[in-house]
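Residue-level structure breakdown
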Amino acid sequence: MRNPEDLGPPEKKQKLNHVQTSYSPKNVSKGSSFEELRDARRALPIYPARQKIIAEIRKFPSAIVIGETGSGKTTQIPQYLLEAGVNSGATIAVTQPRRVAAISVSQRVAQEKNTNIGGLVGYCVRFEDVTSPATKLKFMTDGMLLREAILDPTLTRYSIIILDEAHERTINTDVLFGVVKAAQRRRLKTGQKLLKIIVMSATMDVDHFSEYFNKAPVLYLEGRQYPIQVMHTKEPQSDYLFASLVTFFQIHKEAPAGEDVLIFLTGQEEIESGVKIINDMARNLKDVPELMVIPLYAALPSQTQIKAFAKTPPSCRKVVVATNIAETSITIPGIKFVIDSGMVKAKLYNPHSGLDLLKVVTASKAQVLQRTGRAGRESPGVCYRLFTESEFQSMSTNTVPEIQRCNLASVVLQLMALGISDVLTFDFMDKPAPESINSALEELVMLGALERQSNSDMLKLTPLGKQMAAFPLDPRFAKVILLAKEYECLEEILSIISVLSVDSVLVTLSSKRKECQQSHQKFMSSDGDHITLLNIYRAYKSVNGNKSWCFDNFINARNMHTAQEVRKQLREICERNGMTFSSCGRDSTPIRRCLAAGFFLNAAELSKDGDFITMANRTKVSIHPSSSLFQCKPACVVYTELVKTTKCYMRTLSVVDPDWLYEAAPTYFKRKKAAVIS
Ligand code: CDP
Ligand code: MG
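Thresholds applied
Residues numbered from 1 in each chain as written. Chains lettered and ligands numbered in written order. Predicted model: local features only at pLDDT ≥ 70, side-chain atom pairs only at ≥ 80, totals over all residues. Near = placed C-beta within 6 Å. Helix = DSSP H or I, 4+ residues; strand = E, 2+ residues; numbered from the N terminus. Nonpolar A, V, L, I, M, F, W, Y, C, P; charged D, E, K, R; others polar. Buried ≥ 20, exposed ≤ 12 C-beta atoms within 10 Å, placed from the backbone. Axes fitted to C-alpha atoms, helices over the stretch in contact; angles between N-to-C directions. Parallel < 35°, antiparallel > 145°, perpendicular 65-115°, else oblique. Left-handed = near helix turned anticlockwise from the far one by under 90°. Contact = placed C-beta atoms within 7 Å. pLDDT = per-residue confidence, 0-100. Core = buried A, V, L, I, M, F, W, Y, C linked by C-beta atoms within 7 Å. Pairing = 2+ DSSP bridges.

1. Side note on the site of ligand 1
Inspection of the region around ligand 1 gives 17 residues, with Gly70, Lys73, Thr74, Thr75 and Arg108 positioned closest. Residue assignment for the shell around ligand 1 shows that the elements contributing at least two residues are helix 3 (73-83) and helix 4 (99-112). Residue composition of the shell around ligand 1, grouped by class: five nonpolar, ten polar and two charged.

Okay, here's the thing in structure tokens:
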């Protein structure tokens with residue numbers, strides 16, 4: 001690690017001209033009394049617009065609401081509508097792209113309503129449902145509402161659906177736009193009670209939304225933003241993590257206690273290592289405020305995430321190290337300084353694997369502006385951008401909607417399960433490329449989830465496809481679970497998929513790299529990473545999730561705990577599907593056969609020159625150094641994860657027999673062979 005002192009201060013370059021208002025909001029902490037919370041509610045920028053919002057929403061079937069982050073859209077509008085009875089006694093659903101936001105916002109609203117979470121106010125996210133029949137304000141991830149629509153396409157139990165954070169344009173939000181719009185139309189046609197749709201966004205480019213929702217009126221909320229000084233670096237930075245730490249320590253040495261800092265990085269590993277370095281370095285500093293270092297990313301358990309919202313004690317400074325989660329969907333009080341890496345981890349479709357690839361890419365201007373805004377919520381602030389002004393100018397204006405850059409297999413399967421058989425003509429706000437839809441359809445046919453109807457070209461869901469759609473997983477993983485019945489290894493497959501569904505369970509500390517590797521060695525299997533993960537899960541179970549065991553073995557206890565929860569839920573879905581649970585004991589062959597059968601589209605073989613070549617489209621891939629097969633040269637593997645850094649790496653893979661692949665999908669491989677020969 002270089003010494004952060006080496007780097008000079010980011011140069012002052014540009015100042016944003018925000019209008020300063022004379023209002024000084026109260027800082028509300030978690031322990032605030034009901035009266036204080038009520039006063040805080042009344043002090044929000046949205047409060048004066050309350051009557052107008054209620055009246056407009058009463059009047060129109062759909063409405064678009066635009067307002068700066070922190071103005072009170074998410075926490076207040078659902079309450080206003082409930083208090084004014086606009087919901088006619090039925091439940092109001094508020095969707096969020098992120099589970100953290102759904103949980104934290106619902107907890108805040110429950111507090112404001114002076115009730116326990118799960119009563120009047122509840123939340124529902126993947127693998128966790130905290131609602132009851134009494135719940136009238138239901139905060140949920142957009143993915144969960146989409147799943148509900150499969151069982152009830154008109155979403156009968158809701159009278160109002162609020163699609164929040166619409167500017168994020170996640171794949172699920174985009175699909176929900178169409179699904180909710182269709183539900184509204186259908187209810188109107190069949191004379192059921194009206195469904196109101198409210199779309200909320202933090203950015204202004206809303207003509208598109210309004211047009212799509214039958215020219216819905218747009219309500220603009222007065223923002224409240226203090227001036228923010230924006231600094232760019234003089235030179236481009238090659239190492240943004242390093243630059244962010246340098247910048248942080250400059251602030252930490254100079255700024256008084258109570259002025260909190262928010263750092264935008266890209267992902268869990270980076271954030272955890274940043275947090276560790278800050279803690280280590282801060283220990284040796286004198287004459288600086290006490291420091292609270294708080295990581296914030298989606299995979300953290302909610303109890304840990306909530307820490308970011310706590311009020312900072314007087315002699316202390318809070319530094320929140322976050323992903324783009326803190327951009328718009330949640331508001332952290334006390335932030336005076338923002339440090340922006342200008343980077344974001346984005347999901348990109350990888351045509352070589354058919355899987356989505358997580359890759360760190362440059363953020364868009366819209367994202368950078370949102371991040372800057374976080375510094376001026378409560379008082380004038382400063383934003384340090386770890387990139388130059390010309391780099392800023394060259395950023396793309398807006399983020400491309402996820403639906404135009406991700407694998408659509410999962411979405412297409414859900415749409416088919418919703419009864420929308422002609423996905424190509426589905427009413428998307430921005431249509432994905434027809435080729436992406438077609439390749440998703442093709443993938444689902446190969447997986448056996450769809451088949452051609454007799455006498456027509458139309459595709460329909462097979463009974464297998466219907467079962468696959470019940471799992472909140474990528475269709476390939478759902479298929480593997482369903483296949484596990486035949487291979488008699490369901491218990492093992494559930495463990496593996498649960499561990500794969502959470503972030504990395506192996507901890508690698510840069511200061512103890514050797515020790516970590518040695519400790520992880522005992523779990524490594526020569527059959528591949530899936531069996532390695534199974535070994536970890538088994539070892540974890542055998543010590544009953546003991547935390548000090550995790551610590552001693554460099555296993556991430558939090559992520560393992562989450563994996564266990566995920567497993568419980570997946571097992572419940574299997575039970576509902578009437579599946580029999582079976583175990584293959586210590587023999588890994590059935591497990592690998594099963595993985596081969598579900599992931600035959602992700603197979604790679606060793607070529608003569610020692611590289612791996614994917615069977616799907618003959619491209620070169622390598623084994624990731626972290627894989628238990630890194631030193632090995634198996635003839636044939638299947639992988640469930642691909643990452644791209646300098647090369648394209650298979651990160652999670654298993655050794656398989658080519659015959660297993662052939663048995664699983666004979667037509668597919670016959671065709672591939674023919675293509676190679678010709
Ligand atoms: O949705 P929008 O960004 O417009 O604002 P909001 O999420 O409704 O937040 C309004 C205010 O509620 C924030 O400025 C915070 O002061 C407070 N809040 C909080 O203290 N804790 C939360 N978990 C959420 C909001
Ligand atoms: Mg919000």
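2. Structural notes on unusual backbone geometry
At Phe554, a residue that is not glycine, the phi angle is positive and equals roughly 55°. Its place among the elements puts Phe554 in the loop between helix 20 (547-552) and helix 21 (557-576). The exposure class of Phe554 is partly exposed, given the 18 C-beta atoms found within 10 Å. You will see that Arg618, though not glycine, has its phi angle at about 50°, which is positive. Along the chain, Arg618 turns up in the loop between strand 21 (612-614) and strand 22 (620-623). Classification of Arg618 by C-beta neighbours within 10 Å gives partly exposed; the count is 14.

3. Some words on the packing of helix 3 against helix 4
Viewed as axis vectors pointing N to C, helix 3 and helix 4 meet at an angle of 50°, and their least axial separation amounts to 10 Å. By the angle between their axes, helix 3 is oblique relative to helix 4. Note that helix 3 runs across helix 4; the crossing there is right-handed. Residues Thr74, Thr75, Pro78 and Gln79 of helix 3 pack against Val105, Arg108, Val109 and Glu112 of helix 4. Here the contact of helix 3 with helix 4 is built from residues that sort into three nonpolar, three polar and two charged.

4. Description of the environment of Gln467
Mapped onto the elements of the fold, Gln467 is located in helix 15 (residues 463-469). Spatially, the C-alpha atom of Gln467 lies 8.8 Å from that of Lys479, the residues being twelve residues apart in sequence. When sequence neighbours within four positions are dropped, the list of residues in contact with Gln467 reads Leu482 and Asn577.

5. Some thoughts on helix 22 (residues 589-598)
Taken across its ten residues, helix 22 has eight buried, putting it largely inside the fold. Listed as buried for helix 22 are Ile591, Arg592, Arg593, Cys594, Leu595, Ala596, Ala597 and Gly598. Residues of helix 22 that are buried in the fold lie against helix 16 (475-487), helix 17 (490-501), helix 19 (529-542), strand 23 (636-644), strand 24 (648-655) and helix 23 (658-664).

6. What to know about the confidence of the model for the protein chain
The pLDDT averaged across the protein chain works out to 89; a share of 94% of its residues lies at or above 70. In the predicted structure, residues 1-30 sits below a pLDDT of 50 and forms 56 contacts with residues beyond four places in sequence or in another chain. With a pTM of 0.80, the predicted complex shows an ipTM of 0.98.

7. Observations regarding the nonpolar core
Membership of the largest hydrophobic core comes to 187 residues, with the highest contact counts inside it found for Val412, Ile481 and Ile493. Among the elements that line this core, the one with the most residues is helix 16, at eight residues. Not counting residues up to four positions away in its chain, the partners in contact with Val412 are Val423, Ile437, Ala440, Leu441 and Leu444.

8. Here's the deal with the packing of helix 2 (residues 50-59) against helix 3
Taken N-terminus to C-terminus, the directions of helix 2 and helix 3 make an angle of 65°; their axes are 10 Å apart at the nearest point. In this view, helix 2 runs roughly perpendicular relative to helix 3, as classed from their interaxial angle. Note that helix 2 runs across helix 3; the crossing there is right-handed. Residues Arg50, Ile53, Ile54 and Ile57 of helix 2 pack against Ile77, Tyr80 and Leu81 of helix 3. Residues belonging to the contact of helix 2 with helix 3 are distributed by class as follows: six nonpolar, no polar and one charged.

9. Some details on the sheet that holds strand 21
Spatial ordering of the closed barrel is given by 20-21-22-24-23, a layout of five strands whose pairing is mixed. Sheet twist, expressed as the mean angle between neighbouring strand axes with direction ignored, is 50°. Direction of pairing for strand 20 (residues 603-606) relative to strand 21: antiparallel, over a ladder of three bridges. The residue of strand 21 that forms the bridge with Ala604 is Thr614.

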